[in-house]
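Given next are the chains, with one letter for each unit.
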Amino acid sequence: ERKATESRARADALAAQTAKIQKDLATRRQALTEAAAGVRAGEEALSRLEAEQAALSQSVDREAGALGADRARLARLTAGLVRLTRIPPGGLLTGFDAPIDAARAEILLQSALAATREGAQQAEQELARLNDLSAELQAKRLEGEHQADVLKARQSKLATLVDQRQSLYQQTEIDRRAEEERAQKIADVAKDLRDLVARIEAQ
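Keep in mind that what you see is a predicted model, and the values were worked out from it rather than measured.

Novice: So what's going on with the overall build of the chain? Residues and values would help.
Specialist: Within the chain one finds 3 helices and 0 strands. Traced from its N-terminal end to its C-terminal end, the chain shows the element sequence α-α-α. For the chain, with 203 residues in total, the buried portion stands at 22%. For the chain, the exposed area adds up to about 14,100 Å²; of that, 55% sits on carbon and sulfur atoms.

Novice: Which residues make up the nonpolar core, and what values do they have?
Specialist: In terms of nonpolar packing, the biggest core is built from 7 residues, these being Leu49, Leu56, Val60, Leu67, Leu127, Leu130 and Leu137. At the level of elements, helix H1 (2-85) and helix H3 (99-202) are the ones that each hand at least two residues to this core. With 4 residues, the single largest contributor to this core is H1. If sequence neighbours within four positions are ignored, Leu137 has contacts with Leu49, Glu52, Gln53 and Leu56.

Novice: Could you give me a rundown of the pattern of salt bridges, with the residues and numbers involved?
Specialist: Applying the stated criterion to the full structure yields 11 salt bridges. Between Glu179 and Arg182 there is a salt bridge, with the nearest N and O atoms lying 3.4 Å from each other. Placement of both Glu179 and Arg182 in helix H3 is noted, with a separation of 3 residues, approximately one turn of the helix. Look at Glu179 and you get buried, because its relative accessible area is 14%.

Novice: Would you mind going over the side chain of Glu179 in detail, with residue names and values included?
Specialist: One polar contact links Glu179 to Arg10, side chain to side chain, over a distance of 3.2 Å. The residues touching Glu179, leaving out its near neighbours within four places in the chain, are Ser7, Arg10, Ala11 and Leu14.

Novice: Could you give me a rundown of the side chain of Arg176, with the residues and numbers involved?
Specialist: Along the chain, Arg176 turns up in helix H3. The contacts of Arg176, once residues within four sequence positions are left out, are Ala11, Leu14, Ala15 and Thr18.

Novice: Which residues make up a nonpolar patch on the surface, and what are the values?
Specialist: Taken together, the side chains of Val189, Leu193, Leu196 and Ile200 make up a nonpolar region of the molecular surface, amounting to roughly 370 Å² of accessible area. On the secondary structure map, Ile200 appears in helix H3.

The rules behind each value
- Residues numbered from 1 in each chain as written.
- Predicted model: local features only at pLDDT ≥ 70, side-chain atom pairs only at ≥ 80, totals over all residues.
- Heavy atoms only, no water.
- Helix = DSSP H or I, 4+ residues; strand = E, 2+ residues; numbered from the N terminus.
- Buried < 20%, exposed > 50% of the residue type's maximum accessible area, 1.4 Å probe, protein only.
- Areas by Shrake-Rupley, 256 points an atom, 1.4 Å probe, with all protein chains shown as cover.
- Core = buried A, V, L, I, M, F, W, Y, C linked by side-chain atoms within 4.5 Å.
- Contact = heavy atoms within 4.5 Å.
- Salt bridge = Lys/Arg side-chain N within 4 Å of Asp/Glu carboxyl O.
- Polar contact = N/O pair within 3.5 Å; in protein donor to acceptor, adjacent residues only side chain to side chain.
- Patch = residues over 30% accessible without salt bridge, like charges linked within 9 Å, V, L, I, M, F, W, Y side chains within 5 Å.

Laid out in structure tokens, this is it:
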């Protein structure tokens, strides 16, 4: 009877341990599910950042092309103005029917040059802004990749812990059942012995 009581106590302790492991296992599985959701969200955010970066890269290429064209136009206009400055004042006037035409031509050239310079400056500013935005997106993407790696590592660690807990739970459950069977067998033997003693005493 003492052995049966001790075996039953061990079986109860194993049952309590099994319940505790089962509760811990459920908590870890929930954490694993949340980690997997975090990994998926991080991957989706990375995909969005990569799409934004690709679109921004195309914008940078377009602005760079426009800036190159503006610089080329500005270079041609500057070269034309340089050639005009080398013409003596009298020679410049002879190319037009009236001095007012020469003055108008110079005003038009100055306006065209100013507009081209302004356009080139705006294009350079826009290109600088796009480059800054691209660098910011690159930094965000790198941070996103780092966070994704951290989440994946956490997910992997949690999966390993869940597997270990699952194995421990299964082994503890096997031990509990074996101990309960042993306790039942001992109890049955004790009962048979009590019955036997009772019959002997009756005789």
